[in-house]
Amino acid sequence: MSVARVSEISSTSSKSFEDAINQGIARATKTLRNVKSAWIKEQSVAVDDAGGISEYRVNMLVTFVLE
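Report on the accompanying structure. What you see is a predicted model, and the numbers here were worked out from it, not measured in a lab.

The next subject is the environment of Q23. Among the structural elements, Q23 can be located in helix 1 (residues 17-31). The spacing of Q23 and S54 is 31 residues in sequence and 17 Å in space, taken between C-alpha atoms. Those residues in contact with Q23 that sit more than four places away from it in its chain are S11, T12 and S13.

A separate point is the nonpolar core. Judged by nonpolar contacts, I9, A20, I21, A28, V58, M60, V62, F64 and L66 together constitute the single largest core of nine residues. Sorting the residues of this core by element identifies helix 1 and strand 3 (53-66) as the ones contributing at least two each. For this core, the element with the most residues is strand 3, which contributes five residues. Excluding residues within four positions of it along the chain, V58 makes contact with I9, S10, S11, F17, A20, I21, S44 and V45.

What follows is about the side chain of S13. Among the secondary structure elements, S13 is positioned in strand 1 (residues 2-13). At 2.9 Å, the side chain of S13 forms a polar contact with the backbone nitrogen of K15. Each residue touching S13, except ones within four places of it in the same chain, is listed here: D19, A20, Q23, S54, E55 and Y56.

Take the pairing of strand 3 next. As judged from the 14 bridges shared by strand 2 (residues 35-50) and strand 3, these two strands associate in the antiparallel manner. Counterpart to A38 in the pairing with strand 3 is F64.

Next up on the list: the side chain of S11. Within the element layout of this structure, S11 appears in strand 1. A polar side-chain atom of S11 sits 3.1 Å from the main-chain carbonyl oxygen of A20. If we skip the residues at most four places from it in the chain, S11 touches A20, Q23, G24, R27, Y56, R57 and V58.

Cut-offs applied
Throughout, a residue's number is its position along its own chain's written sequence, starting from 1. Given that the model is predicted, a residue must reach a pLDDT of at least 70 before its local features are reported, and side-chain atom pairs must reach 80 or more before they are shown or counted; all residues, however, enter totals for whole chains, interfaces and linings. Hydrogens and water molecules were not included; the side-chain quantities draw on all heavy atoms of the structure. Counting from the N terminus, the helices are the DSSP runs of H or I reaching at least four residues and the strands are the DSSP runs of E reaching at least two. Here a residue-residue contact requires only that any non-hydrogen atoms of the pair lie within 4.5 Å. In this description, a nonpolar core means a group of buried Ala, Val, Leu, Ile, Met, Phe, Trp, Tyr and Cys residues linked to one another through side-chain atoms lying within 4.5 Å. Only protein chains enter the accessibility calculation, which uses a 1.4 Å probe. A residue is then buried if its area is under 20% of the maximum for its type, exposed if over 50%, and partly exposed in between. The definition of a polar contact used here is a pair of N or O atoms within 3.5 Å, where within protein one atom must be able to donate a hydrogen and the other to accept one, and adjacent residues in sequence count solely through side-chain atom pairs. By the convention used here, strands pair only if DSSP detects at least 2 bridges between them.

Written as structure tokens, this is what we have:
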């Protein structure tokens, strides 16, 4: 088993922070093979409220464990 660290994942969603996190991890997982698990080591979140439409932005440092 080896560990691959993705230094940063950025994602946005109009729904929620959780949706932005899930989308970012899902997108990154598609580029890696044999992902056994993943966890977020750090994250920063922000809400952009331009024109009355909220956009949830997430930057994450994620570690993926590969089989």
